[in-house]
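Spelled out from the first residue to the last, the chains are:
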Amino acid sequence: PRAFANGSLLQGGDFEGAPNGLSTPDIQRQNRQKGLYQLDLARNNSGSIWQVDLNVTSLYELQGIQPQLKVAVVEELVKFTNPPGDNGERNFGHVFRAFLNGSAGENIATVEINQTISRNYSLTLDPSWNPDQLRIIAWVQDERDRRVWAASQTQIVTRTDPNISSTQLMVY
């Protein structure tokens, strides 16, 4: 693998572009920077059908990029009693389940600075999925060079009351 930060190949690792050339302060500094977009993502659980609401706001005047909005469902942890393959692995993390807006995503190049677009998706859960382990992720990725310009995710919180906000957790 080769790692990049701010468009430049990382230096200082075991080889040019080695991910171990990235230090904790480098990661923290990068995390403090705002993305090119703000993504506000929420889901409302209602049994086997979930509603997903997403607001995307462009924070800067953008030129020369081809931003695609992508929204997916992942299962945080899938466990098997008996390994499904021949390598003995039983636990699988961050398992992709489905795209909510297609594998190509949606081109959002026409979104202007400070403009917000709203998208709503409906998701019917597959019975083999564990709803307690599902999260929705959304990201904006440049189709030319694959850079990710913004990302967001829902927390793993299973709720039966759709009136509870995504930041609340009720224990009965």
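Below is a summary of the structure that appears in this document. (Residues numbered from 1 in each chain as written. Predicted model: local features only at pLDDT ≥ 70, side-chain atom pairs only at ≥ 80, totals over all residues. Heavy atoms only, no water.)

Overview of the overall build of the protein
Now for step 1: A count of helices and strands for the protein gives one helix and ten strands.
Now for step 2: When the elements of the protein are put in sequence order from the N terminus, they spell out β-β-α-β-β-β-β-β-β-β-β.
Now for step 3: A burial count over the protein gives 32% of its 172 residues as buried.
Now for step 4: By sequence separation, contacts in the protein at least 24 residues apart represent 59% of the contacts at least 6 residues apart. (Helix = DSSP H or I, 4+ residues; strand = E, 2+ residues; numbered from the N terminus. Buried < 20%, exposed > 50% of the residue type's maximum accessible area, 1.4 Å probe, protein only. Contact = heavy atoms within 4.5 Å.)

Digging into unusual backbone geometry
Only a minority of non-glycine residues have a phi that is not negative, and only a minority of peptide bonds are not trans.
Now for step 1: Positive phi is not limited to glycine here, since Asn114 has a value of about 65 degrees.
Now for step 2: On the secondary structure map, Asn114 appears in the loop between β7 (106-107) and β8 (116-124).
Now for step 3: Residues other than glycine seldom take positive phi values, yet Arg146 does so here, at roughly 70 degrees.
Now for step 4: For Arg146, the location among the structural elements is in the loop between β9 (134-142) and β10 (148-153).
Now for step 5: In this structure Arg146 comes out as partly exposed when scored by relative accessible area, which is 48%.

Focus on the packing of aromatic side chains
Now for step 1: Per the stated rule, a full pass over the model turns up three aromatic pairs.
Now for step 2: Consider the rings of Phe80 and Phe92, whose centres lie 5.8 Å apart with planes at 85 degrees: the pair is edge-to-face. Of this pair, Phe80 sits in the loop between β5 (67-79) and β6 (91-99) while Phe92 is found in strand β6, placing the two residues twelve residues apart along the sequence.
Now for step 3: By the ring-pair criterion, three or more aromatic residues cluster together here, those being Phe96, Phe99 and Trp139. (Phe/Tyr/Trp six-rings, centres within 6.5 Å; stacked < 30°, edge-to-face > 60°.)

Notes on the pairing of β9
Now for step 1: β9 sits mainly inside the fold: eight of its nine residues count as buried.
Now for step 2: Pairing between β5 and β9: nine bridges, direction antiparallel. Considered in β9, the bridge of Leu69 is made with Val140.
Now for step 3: In this antiparallel pair of consecutive strands, β9 and β10, the connection spans five residues, and Arg146 shows a positive phi of 70 degrees. (Pairing = 2+ DSSP bridges.)

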